[in-house]
Each structure stands twice: as C-alpha cells, then as structure tokens.
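So you can see what is in the structure, the chains are spelled out below.
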Amino acid sequence: MRPVKTRYTQLTEHLEPEEMIINMGPQHPSTHGVLRLELITDGEIVKEVLPHMGYLHRCFEKHCESLSYQQIIPFVDRMDYLASMNNDHAFVMGVERMMGIDKDIPKRIEYIRVLVCELNRIGSHLIAIGTYGIDIGAFTPFLWCFRDREHIMNMLEWASGSRMLYNYIWVGGLFYDLPVGFEERCKEFIDYFKPKLQELNELLTDNQIFINRTAGVGILPLDVAINYGCSGPMLRGSGLKWDLRRIDEYSVYPELEFDIPIGKGEMGKAGDCWDRYKVRVDEIVESVRIIEQCLERLQKELKRTPEFDPRAKLPKKIIPKEQDFYIRAENPKGELGYYFITDGKTEIPKRVKARAPSFNNLSVLPEITRGVLIADLVAILGSIDIVLGEVDR
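Residues numbered from 1 in each chain as written. Predicted model: local features only at pLDDT ≥ 70, side-chain atom pairs only at ≥ 80, totals over all residues. Heavy atoms only, no water.

In the nomenclature of an unreviewed UniProt entry, the protein chain corresponds to NADH-quinone oxidoreductase subunit D from the organism Daejeonella lutea. As its UniProt record puts it under Subcellular location (unreviewed entry), the protein chain is described as follows: "Cell membrane". Comment text from UniProt for the protein chain, heading Sequence similarities (unreviewed entry), reads "Belongs to the complex I 49 kDa subunit family." (UniProt positions renumbered as here; feature names shortened; annotations may be inferred.)

**A look at the overall build of the protein chain**
Helix and strand content of the protein chain: 16 helices and 8 strands. Taken over C-alpha atoms, the radius of gyration comes to 22 Å for the protein chain, in line with the 21 Å a tight globule of 393 residues would show. Its C-alpha atoms give the protein chain principal-axis dimensions of about 75 × 60 × 35 Å. By residue count, 54% of the 393 residues in the protein chain fall in the buried class. Of the roughly 16600 Å² of accessible surface on the protein chain, 54% is carried by carbon and sulfur atoms. (Helix = DSSP H or I, 4+ residues; strand = E, 2+ residues; numbered from the N terminus. Rg over C-alpha atoms; globule rule 2.2 N^0.38 Å. Buried < 20%, exposed > 50% of the residue type's maximum accessible area, 1.4 Å probe, protein only. Areas by Shrake-Rupley, 256 points an atom, 1.4 Å probe, with all protein chains shown as cover.)

**What to know about empty space enclosed by the protein**
In total, this model carries 5 cavities of 30 Å³ or more according to the counting rule given. When its volume is computed, the largest cavity comes out at roughly 60 Å³. If you trace the largest cavity, you find it lined by Tyr81, Leu82, Asn120, Gly123, Ser124, Arg149, Ile152, Met153, Met164 and Tyr166. Those elements giving two or more residues to the lining of the largest cavity turn out to be α5 (107-136) and α6 (140-160). Tallied by class, the residues present in the lining of the largest cavity amount to 6 nonpolar, 3 polar and 1 charged. Space inside the second largest cavity adds up to approximately 50 Å³. For the second largest cavity, the full set of lining residues is Ala128, Ile129, Tyr132, Tyr277, Arg280, Gly382, Ser383 and Asp385. Residue contributions to the lining of the second largest cavity peak at 3 residues, all from α5. (1 Å grid on protein atoms, 1.4 Å probe; cavity = no way out; pocket = protein on both sides within 12 Å on 5 of 7 lines; lining within 4 Å. Points joined across faces, edges and corners; volume = space filled by probe spheres on them. Nonpolar A, V, L, I, M, F, W, Y, C, P; charged D, E, K, R; others polar.)

**Regarding the confidence of the model for the protein chain**
The predicted model of the protein chain averages 88 in pLDDT, with 95% of residues at 70 or higher. Ranking the helices and strands of the protein chain by mean pLDDT puts helix α12 (residues 273-299) first, with 93, and helix α1 (residues 7-12) last, with 69. (pLDDT = per-residue confidence, 0-100.)

**A closer look at the sheet that holds strand β2 (residues 36-42)**
Taken in spatial order, the 3 strands make up an open sheet running β1-β2-β3, and their pairing is antiparallel. Of all the strands in the sheet, just β1 (19-24) and β3 (45-52) have a single pairing partner and so form its edges. Taking each pair of neighbouring strands and ignoring which way they run, the sheet shows an average axis angle of 20°. Here 7 bridges tie β2 to β3, and the two strands are oriented antiparallel to one another. Directly across from Leu39, in β3, lies its bridge partner Val49. Most of the contacts of helix α15 (residues 374-384) go to β2, to which it runs at about 150°, and overall it touches β1, β2 and β3. (Pairing = 2+ DSSP bridges. Axes fitted to C-alpha atoms, helices over the stretch in contact; angles between N-to-C directions. Contact = heavy atoms within 4.5 Å.)

**What about the nonpolar core?**
Note that soluble globular proteins tend to have their nonpolar side chains buried in a common cluster. The biggest cluster of nonpolar side chains holds 107 residues, and the ones touching the most others in it are Phe91, Leu115, Leu119, Tyr168, Tyr338 and Phe340. Discounting chain neighbours no more than four positions away, the residues touching Phe91 are Tyr69, Ile72, Ile73, Val76, Tyr338, Phe340 and Val352. (Core = buried A, V, L, I, M, F, W, Y, C linked by side-chain atoms within 4.5 Å.)

**Considering the packing of aromatic side chains**
Per the counting criterion, the structure on display carries 16 aromatic pairs. With a centroid separation of 5.5 Å and 55° between ring planes, the pair formed by Phe91 and Phe340 is classed as tilted. Taken together, the residues span a long stretch of sequence, with Phe91 in helix α4 (residues 84-99) and Phe340 in strand β7 (residues 334-342) at a distance of 249 residues. The pair Phe91 / Phe340 is uniform in exposure class, with both members buried. Between Tyr253 and Phe258, the aromatic rings sit 6.0 Å apart at their centres with planes inclined by 75°, giving edge-to-face as the arrangement. (Phe/Tyr/Trp six-rings, centres within 6.5 Å; stacked < 30°, edge-to-face > 60°.)

In structure tokens, the structure reads:
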C-alpha cells in the first residue's frame, strides 16, 4: 500500500527551478516568538506558506485531569497571558453554570469582573497595536502603547497582587474586593487615556505610510473567515457584527451600552489588514465606554460596604453533576471556549478542552498569503494578533 502524501510533501517535492524554500522564524522577531513559517517563494513573491507550530506546548489540557477546578485557574491564566482576566472569566463562568450557581453571583462581583476584563482587553489590544507598528516599521506607537498599558498593569496588580497572571476571578466570587480608591484611580486613568488614544490615531491610524502598508493587503473574505472558524477582530474585520458579549449576553453585558465595530473597507477593501487593526482601535473606545458605566454603578448603587464578602458564595467543594458542557466568551482575540466532561464524583474534571481563538485565526494564514510579497506577509501575520501560548495550549 502506497503511503499517503501529506500536503507538505505535495508542495515541496516538485519545486519549479525558480522556486525556493525559505524559513521565517522562530528567530525572526516579526513572528512573535515561536512560530516557524516555511515559505515557497518565487523571488519576492510568496507562492505558499506552511506554518509550523508546537514549540510552546504547555500541556494545559492534561494538567486539568489532575487538578481541582479552583487549582486550574492559574493554568488558565497562562494560555493567552496578555488577557489573563478574560481567560479566568470564561473558565469560571463555565464551572458556575455547571454547578447551577451562576444566577447567585452578587451584582457587585459581576461588575468588578467586567471592569477588570475590559481593562485587560484594552491592555491586550494596546500590545497588538504597538507590536503591529513595530512589524510595519513604526517604533513610536510601540513605546506609547506600552506606556499606557503600564497604567493598566499597575491597577490590575493593585487589585490582584500579580502583575500579569492574576488568578483573581474565582468560582463563586473573587480573590478579593477592589482596593479602596481603585474606582477613583481607574477614573483618573480613563480621563488621561482618552486624549492619548486620539494622539495614537493621528500618529498611526491616519498615517499614509501605515495605510499604504496595510490597506488592501491580506484581504480575508467573510465566507473564508467563517469557514475557518475565525472569530474576534479577525471575523469582525471582515464585516460581520459577531460579538459573544451581545450574542450570548453573559455576565452583565446586556445591561451595558456599547457598539460592535466592524471592518468597512474605508482605506482599501473590507477584511484587509487595516480593517483588522481599526477594529481593535475602535474596540478600545468601546471598552472605555463599558469601564465608565461599570465605575458609575460600582460607586453608586453597588458601592462597597463593610459587610460585603467577595468569597461568600465560594462553594466549599466543586463537584458538578455528570455532564458534557461547553462555555464560550469574547476574548480580545476571539471566541475562547472550554469543553468540560465531568463524572459527577470528584472535584477533578475528567476532561477539559480549550478552544483557543488564536489557533483558528492562525489557520487561515496560508489562505490569505498566496501571491503576496514577503514584506506583506509580515504585515498579514501581525494583523492576526496571535499569542503562541494559546495556539499550543
């Protein structure tokens, strides 16, 4: 019986005389760490891209089979380590729904969760925008974005005690209530940040060189995005209003006012690199709106009281009944999902499978890079905004 030829073998065994195989990464800074891209090129033109992943496998799903639900949360932090709060929120919601206690969570806890998650969303998008500027060749936006993200990291560290991997949102509550004065300092940050966002737009969004490098490049048609399971800014950049905060209406998002930005092809064609970038910029504006609404309610009708205990609803033992259960949430990079299999007997899940948005978003890369220049490939990869800890889980 003849061995079945893989796609890799089919593409590489019969090269044309003018074609070459070139490796990009993992040492290449534009690949954001440990992704290796194998290119088949004809001069400067990319004929085919073959992504190689698996350099950063964290064994998250295997760890879950030997830890209790509360012990898993620090490992959840380490997948998309730029959005740890959002990872925690999705996981904890899943466990709470399996336990049937999701309706018992106090409103103040829910609003604090949304507040810290939206702060983390802004921080994640600032890194996406800043590093994208570096990819294209603009250094100043990178410094500005990291300067502003530093304020967010200081606040989240103040609330949780950790700088990057927070373990703050727990099943049934929170690790601790917000520190006294947190809401006031957060309001000061928002007042400081709004004009800085406008400066960033003037520097990068409306920059003609940046537009020339991104508009009309790496166009992702909507049907291709859907077929590949893309989500988040990748999907919305192609023109579809799909945001799980609105679709699934989880936590207190139904009570909050915010819009869903989509790509409109303003500078080039809908679904290009500029649209994906612009969706992230606009999402930061919407997250600021959400934070302002959360702060207003946390300072008025949901104001802190001496008797408020964020751990009051924590279950002493977490043993969900036997079931298969899937939970999803809108992370900065797209749909983060957890699929649980429980046996109803122990505190340790039988199986936890993570559906990481970066993996699906990255899988579409070969489809949208055929026939582009090598320089454009760097721009396209940067516009996807991947974190390899989430790709390899």
